[in-house]
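A look at the structure
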Amino acid sequence: MSEPNKTVIITGAGAGIGRACAELFLQNGYKVGLLGRRAELLSEVARGNSNALAIACDITQADVVTAAFQQVLSSWGRLDVLFNNAGQARPPGTIDEINLDDWRAVVELNINGTFYCAREAFRAMRQQSPQGGRIINNGSISAYVPRPGSAPYTSTKHAITGLTKTISLDGRPFNIACGQIDIGNALTEMAAPMAAGTRQADGSIKVEATMDVANVAKSVLHMAELPLDANVQFMTVMATNMPYIGRG
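Strand order in the open sheet formed by seven strands is E3-E2-E1-E4-E5-E6-E9, and the pairing between neighbours is parallel. Each edge of the open sheet is held by one strand with a lone partner, namely strand E3 (52-56) and strand E9 (234-238). Across the sheet, the axes of successive neighbouring strands diverge by a mean angle of 15°, strand direction being ignored. Helix H3 (residues 62-76) rests against strand E1 (7-11), strand E2 (31-36), E3 and strand E4 (81-84) of the sheet, and its axis sits at about 160° to E3. Along the sheet, helix H4 (residues 100-127) makes contact with E1, E4, strand E5 (133-138) and strand E6 (176-184), crossing E4 at roughly 175°.

This part is about helix H7 (residues 214-225). Note that an α-helix has 3.6 residues per turn; residues three or four places apart therefore point the same way. Taking 1.5 Å per residue, twelve residues should reach 16 Å; H7 reaches 16 Å between its end C-alpha atoms and fits that length. All buried positions along H7 are accounted for by Val216, Ala217, Ser219, Val220, Leu221, Met223 and Ala224. Turning to H7, the residues buried within the fold contact helix H1 (16-27), E4, E5, E6 and E9.

Moving on: the pairing of E4. Side chains Val81 and Phe83 project from E4 onto one buried face, and the interleaved Leu82 and Asn84 project onto a second face that is buried too. Where E1 and E4 come together, three bridges link them in parallel fashion. By the bridge assignment, Ile9 is partnered in E4 with Leu82. As for the winding sense of the linkage, the β-α-β connection from E4 through H4 to E5 is right-handed.

Here we take up the environment of Arg37. Inspection of the secondary structure assignment puts Arg37 in the loop between E2 and helix H2 (39-46). Judged by relative accessible area, which is 54%, Arg37 ranks as exposed. It is 5.1 Å that separates the C-alpha atoms of Arg37 and Cys57, two residues lying 20 residues apart in sequence. Engagement of the side chain of Arg37 in a polar contact is seen with the side chain of Asp58, the distance being 3.5 Å.

The next thing to look at is the packing of H1 against H7. Axes are the key here: two packed helices are described by the angle between their axes and the distance separating the axes. Relative orientation of the contacting elements H1 and H7 amounts to 55°, with a least axis distance of 9 Å. The orientation of H1 with respect to H7, classified from their angle, is oblique. As H1 runs across H7, the sense of the crossing is right-handed. Within the contact between the two elements, H1 uses Ile17, Ala20, Cys21, Leu24 and Phe25 and H7 uses Val216, Ala217, Lys218, Val220, Leu221 and Ala224. Residue classes in the contact of H1 with H7 are distributed as ten nonpolar, no polar and one charged.

All right, on to the pattern of salt bridges then. Oppositely charged side chains are able to pair whenever their charged atoms sit close together. Summed over all chains, the structure comprises ten salt bridges. Here Arg104 and Asp101 are joined by a salt bridge, their closest N and O atoms 3.4 Å apart. Of this pair, Arg104 and Asp101 both sit in helix H4, separated by three residues, roughly a single helical turn. The exposure class of Arg104 is partly exposed, given its relative accessible area of 47%. For Asp101, a relative accessible area of 53% gives the class exposed.

The subject of this paragraph is the side chain of Asn137. Following the sequence through the fold, Asn137 ends up in strand E5. Residue classification places Asn137 among the buried residues on the basis of a relative accessible area of 0%. Among all residues touching Asn137, those that are not within four sequence positions of it are Asn84, Thr114, Ile160, Thr164, Ile167, Cys178, Gly179, Gln180 and Ile181.

What counts, and at which threshold
- Residues numbered from 1 in each chain as written.
- Predicted model: local features only at pLDDT ≥ 70, side-chain atom pairs only at ≥ 80, totals over all residues.
- Heavy atoms only, no water.
- Pairing = 2+ DSSP bridges.
- Helix = DSSP H or I, 4+ residues; strand = E, 2+ residues; numbered from the N terminus.
- Axes fitted to C-alpha atoms, helices over the stretch in contact; angles between N-to-C directions.
- Contact = heavy atoms within 4.5 Å.
- Expected span 1.5 Å × (residues − 1).
- Buried < 20%, exposed > 50% of the residue type's maximum accessible area, 1.4 Å probe, protein only.
- Right-handed = clockwise from strand over helix to strand, strands pointing away.
- Polar contact = N/O pair within 3.5 Å; in protein donor to acceptor, adjacent residues only side chain to side chain.
- Parallel < 35°, antiparallel > 145°, perpendicular 65-115°, else oblique.
- Left-handed = near helix turned anticlockwise from the far one by under 90°.
- Nonpolar A, V, L, I, M, F, W, Y, C, P; charged D, E, K, R; others polar.
- Salt bridge = Lys/Arg side-chain N within 4 Å of Asp/Glu carboxyl O.

So this is what it looks like as structure tokens:
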């Protein structure tokens, strides 16, 4: 169990990885700020739990992010952990086929939204007493190696790695730790097509191994529970038999 009154904000908390993490953190005694676009899904996760604060917001809007974090801080007084989870992909294609609106949408959420949330969390952690906290960014296997036709998603996930390293360095004087979890084929709505078959580097379509999303939630909780003098800088949690080692 966590320390009494330990607080976390989770973005994209209404579904998939974010929801699994939110439910596990609540079970472990955390006060959880649930951020996401769909209020009805956040309410399902909260289920009237007094330790859950559901805030419907679009994290691609910087002023909306600021207001959401202020609401959490006003309610609970501090922020111990941010799980910067929200992200999206768009239909695959070679770079000349990528719709510019799709490119902009992926960049807005995966990079800008992640930056806005990290910025607010860092500010809160730096200013609070006792000072410090932990930021966990959701990377991806695609932060290391791409899938075919994935320029927007892969580019943004490589950018997350750079952001993680920078926050980790800049946070040292303020007792702010920052790490990244890189996830492969957790069985959520986003990964469901893997079970039906997805394009490989050689052009073939193959069914890929998947894993229970609960394994991701347990991994994020482990990262969050470490004392601030220890940090998981990068963790890869993936379906054992998915194409990553040797991918392509």
